[in-house]
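Each chain, written out:
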Amino acid sequence: MNINVVKTTPYSDQNPGTSGLRKKVAVIQKPNYLENFVQSVFNALPSDERNILVIGGDGRFYNNIAIQIVIRMAVANGYKRLIIGQNGLLSTPAVSNLIRIKQANGGMILSASHNPAGPDQDFGIKYNNENGSPASNTLSASIFAASLEISQYTIADISEVNLRDIGDVVLNRTTISVIDSVQDYIECMKRCFDFPKLRKAFASERLSIRFDAMHAVTGPYARSVFVDELGASSDSIINGEPREDFGGGHPDPNLVHAKALFESMHDANAPVLAAASDGDGDRNMILGQGCFVSPGDSLAILAEHHKIIPQFKEGLCGVARSMPTSTAIDRIAEDLGIQSFETPTGWKFFGNLLDTSNISLCGEESFGTSGNHIREKDGVWAVLFWLSILEASGKNVSQLLVSHWQRFGRSMYCRLDYEGISADVAADLMKNMQFGVSESRLILKHTNIAGADSFEYIDPVDGSVSSNQGIRVFLTGGSRIVYRLSGTGTDSATLRIYLEQYTNSAQDFVTSLDIPNATADLAKMAVELAEISQRTGMTSPSLVT
Ligand code: G16
């Protein structure tokens, strides 16, 4: 077998964002573009961390071609074993689990998560560490640095590797193991939850589910877990076949992109729970009959009822949320007498806290929730957790929400996205906000602003400092406005404004409350403070979720 050494020149735009490198497919297809990035990852790793690599993707357009390139390069770079999901498919949580149980050095995930797929849409690639967590900021910086000085890459001259059949093939010094994409993940779920109990509840029809896999990677996982293992009816999974273009949809589980699912939960025959996941299976949206559970409330309710699942029967050691995520979880932590950590946006910031048992449960406003079983967010896990709470409490989703608010108050939560802003305008807008914070000008702009800052995180485990992670504006009474730029887009900038309005008034404890309407005054204030229309020319957000 020949190993080809190919001369190349650097691209200047391979700096990983919130979660790996995400680009338009046309960019990824530029000559040597993907190869440069993959070689830069290998170059950034010490040679003794290049032994076992897990590889898989969400099945989107270009997955099949990209995965063959990654395999040929890993063989050429001396990996001893490659563990690959059948047909190249692995969800992000499944990769994280495999890295850990197979003692791999890391994993390469081919996904742009919730971004749409297809020839004119997005593709992505990210590296996860040996603990199963997305690459740290330090490693990402080394990958970017390597990409700026790359002059050659190595690639094995082999024909297409058959990923259809499970089994091992030895190529040169590398064993290529094609494995069942789902089986190890199910075993992991069985360690976290009481499957026999859930199965009984499905059999007696106390539990029922509708799961929208959005034609992305989660379909086979959801079918195996909910239908084959737990006995849910076979029509419980909708849009369950992974497709290269995700069926032309936008696999972002929220009330805009999974609207039909939400509407179906108003039918008389609606199941007890509905849920949706995203492109790579790490996000989750939870719905009850006629009601939506915001990600912040979901995280808090899981923490409130944590003891009912085997994974947490000894209790939680601590919890964490990303900075823009609602503070509902903080109130539960206080009640439990444990710490609640506030990290920057991005799952990679939870890894150290999980590894050192500072926390065992964490989540984000972007529909991500998970525990200490892996080092990624985990959509199916969150759904199983909700099913377990429904089974144990005998309450429905709406009753769980209301009793949570009655005890702890409610963080009414809303996110405004301003998409397609030019990068310069977005940077200036944030600079102006930074200036307002540093000069304390923001505080003077409104009588109920109690404080404001630019969020900086000092990792309590390794001491690394992450600055400029978004602007926080604190209001009297516990409400907040947060501003930050998205790190997952592929062109132009997206400004996110996160609104959190705290209430402990019983009249707000109804699941049908129109949250954008209830937070309209806060939204107006947020838009004025940041001078959105003057600076962007936009009179309304592109998306409200
Ligand atoms: C990724 C990260 C999440 C993060 C989200 C935020 O999600 O994995 O930890 O919360 O991005 O995205 P943005 O920077 O656009 O606000 P995913 O599901 O896209 O991998």
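Just above sits the structure.
What you see is a predicted model; the values in this text were computed from it and never measured.

1. Considerations on the packing of aromatic side chains
For the structure on display, the rule yields 14 aromatic pairs. Here F193 and W381 contribute two aromatic rings whose centre-to-centre distance is 6.1 Å and whose plane-to-plane angle is 55 degrees, an arrangement assigned as tilted. With F193 in the loop between α6 (183-192) and α7 (195-203) and W381 in helix α13 (residues 379-393), the pair connects residues that are 188 residues apart, well separated along the chain. Residue F193 is classed as buried on the basis of its relative accessible area of 2%. Taking the relative accessible area as the measure of exposure, W381 reaches 0% and is therefore buried. Geometrically, the ring pair formed by W381 and F385 is edge-to-face, given 5.3 Å between the ring centres and 80 degrees between the ring planes. Within this pair, W381 and its partner F385 are both found in helix α13, separated by four residues, close to a single helical turn. Taking relative accessible area as the criterion, F385 reaches 0% and is therefore assigned buried.

2. What to know about the side chain of R210
Turning to its location among the elements, R210 is positioned in strand β10 (residues 209-212). Not counting chain neighbours up to four residues away, the residues in contact with R210 comprise S236, I238, L261, S264, M265, N269, P271, L273, A274 and A275.

3. Observations concerning the site of the ligand
Near the ligand you find 19 residues, and of these E364, R484, S486, T488 and R496 are the closest. Between S113 and the ligand, the recorded distance is 2.7 Å, taken from a side-chain N or O atom to an oxygen atom. Take S366: an N or O atom from its side chain is 2.7 Å from an oxygen atom of the ligand. Look at the ligand: alone it shows 460 Å² of surface, and the protein chains cover 99% of it. Partitioned by chemical class, the residues of the shell around the ligand number one nonpolar, 10 polar and eight charged.

4. Brief notes about the sheet that holds strand β15 (residues 318-322)
Spatially, β16-β15-β17-β18 is the arrangement adopted by the four strands of the open sheet, whose pairing is mixed. The open sheet has two free edges, formed respectively by β16 (339-343) and β18 (368-371), since each of these has just one partner strand. Ignoring which end each strand starts from, the neighbouring axes of this sheet average 15 degrees apart. As judged from the three bridges shared by β15 and strand β17 (residues 361-364), these two strands associate in the parallel manner. Residue pairing in the sheet places A320 in a bridge with C362 of β17. Across the sheet, helix α10 (residues 295-304) touches β15, β17 and β18, and the angle it forms with β17 is around 170 degrees.

Conventions adopted
- Residues numbered from 1 in each chain as written.
- Predicted model: local features only at pLDDT ≥ 70, side-chain atom pairs only at ≥ 80, totals over all residues.
- Heavy atoms only, no water.
- Phe/Tyr/Trp six-rings, centres within 6.5 Å; stacked < 30°, edge-to-face > 60°.
- Helix = DSSP H or I, 4+ residues; strand = E, 2+ residues; numbered from the N terminus.
- Buried < 20%, exposed > 50% of the residue type's maximum accessible area, 1.4 Å probe, protein only.
- Contact = heavy atoms within 4.5 Å.
- Near = heavy atom within 4 Å.
- Polar contact = N/O pair within 3.5 Å; in protein donor to acceptor, adjacent residues only side chain to side chain.
- Areas by Shrake-Rupley, 256 points an atom, 1.4 Å probe, with all protein chains shown as cover.
- Nonpolar A, V, L, I, M, F, W, Y, C, P; charged D, E, K, R; others polar.
- Pairing = 2+ DSSP bridges.
- Axes fitted to C-alpha atoms, helices over the stretch in contact; angles between N-to-C directions.

None of the figures reported here should be taken as evidence of function without further support.
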